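# Chain and residue survey
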Amino acid sequence: VNLNYICCKLSKNDQIYHSATMSEEDKTTPQEGEKVEKASTPEEESTATFEPVVRLEEVETKSGEEDEEILHGMRCKLFVYGETLLDKGTGKKSWRERGIGEIRLLKHREHQRIRVLMRQEKTMKIIVNHVLDPRIKLEANAGSDRSWVWSAFDFAEGELTETVFAARFADSD
C-alpha cells in the first residue's frame, strides 16, 4: 500500500485539509479537500475514576526496638570479613560490603543490656545485631582513621555466628 500524505493548512476557518495518494485497495482515508479535524480542538479532561480491586488495611508492625532507647546512632558503611560464596572452603577471606545505614547502640529499659543494631537504609533489613559484650575490643583500622574493626557473635541472619566487622564513617569524629 502506497500512502503519501501531504498536510496543508488552509487559511479559511483554520481547518486542516489532507490530500492523499493511495492505492485502490485502501480508500478509508479522506480524499483531497475533505475536512479532517479542526486545529483549535480543545483537549478534554478525563473524568475516569479507578477503584482498587483489593482494599488493604493499615497494619501496625513491630520492629523489636519498642522497649529500647537509643544511646548513640551514626550513619556508616559496614563491611564483613569472610569467605564469599565463590571462595567457600578455600580459606581465602576478604572484606565485602554488607550495607549502608545507621548503626545504633540500643539499651533495653528492663534488663539494661546494650546491643548493636544496624539496618540497611532502603530495605530496612537487619545487617548487624549483637549484644555489646565487655570482651569485644573495638580497634582502629590500620589503613584509615575513620574506620573501626571488631569481632562479635552476630545474629543478623537468624543464626549465631562469629563475625569480624568493620564500620567506616564519613569523618573521624
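To start, this report covers the structure provided alongside it. (Residues numbered from 1 in each chain as written. Predicted model: local features only at pLDDT ≥ 70, side-chain atom pairs only at ≥ 80, totals over all residues. Heavy atoms only, no water.)

Bringing the overall build of the chain into the picture now. In terms of regular secondary structure, the chain is built from 0 helices and 10 strands. Its helices and strands taken in sequence order, the chain reads β-β-β-β-β-β-β-β-β-β from the N to the C terminus. Relative to its 173 residues, the chain shows a buried fraction of 24%. Residue pairs at least 24 apart in sequence account for 37% of intrachain contacts in the chain once pairs closer than 6 positions are excluded. For the chain, the computed accessible surface area is about 13,800 Å², with 50% contributed by carbon and sulfur atoms. (Helix = DSSP H or I, 4+ residues; strand = E, 2+ residues; numbered from the N terminus. Buried < 20%, exposed > 50% of the residue type's maximum accessible area, 1.4 Å probe, protein only. Contact = heavy atoms within 4.5 Å. Areas by Shrake-Rupley, 256 points an atom, 1.4 Å probe, with all protein chains shown as cover.)

It is worth spelling out the pattern of salt bridges at this point. Summed over the entire model, instances satisfying the criterion amount to 7 salt bridges. In this structure, the salt-bridge partner of Glu68 is Arg115, at a minimum N-O distance of 2.9 Å. Taken as a pair, Glu68 in strand β4 (residues 68–82) and Arg115 in strand β6 (residues 114–120) lie far apart in primary sequence, 47 residues in all. Across the pair, Arg115 and Glu68 agree in class, each one buried. Across the pair Asp133 and Arg135 runs a salt bridge, and its minimum N-O distance is 2.6 Å. (Salt bridge = Lys/Arg side-chain N within 4 Å of Asp/Glu carboxyl O.)

Moving on, we get to the environment of Lys125. Residue position: Lys125 is located in the loop between β6 and β7 (126–131). Along the chain, Lys125 and Gly99 lie 26 residues apart, while their C-alpha atoms are 9.4 Å from each other. If sequence neighbours within four positions are ignored, Lys125 has contacts with Met118, Arg119 and Gln120.

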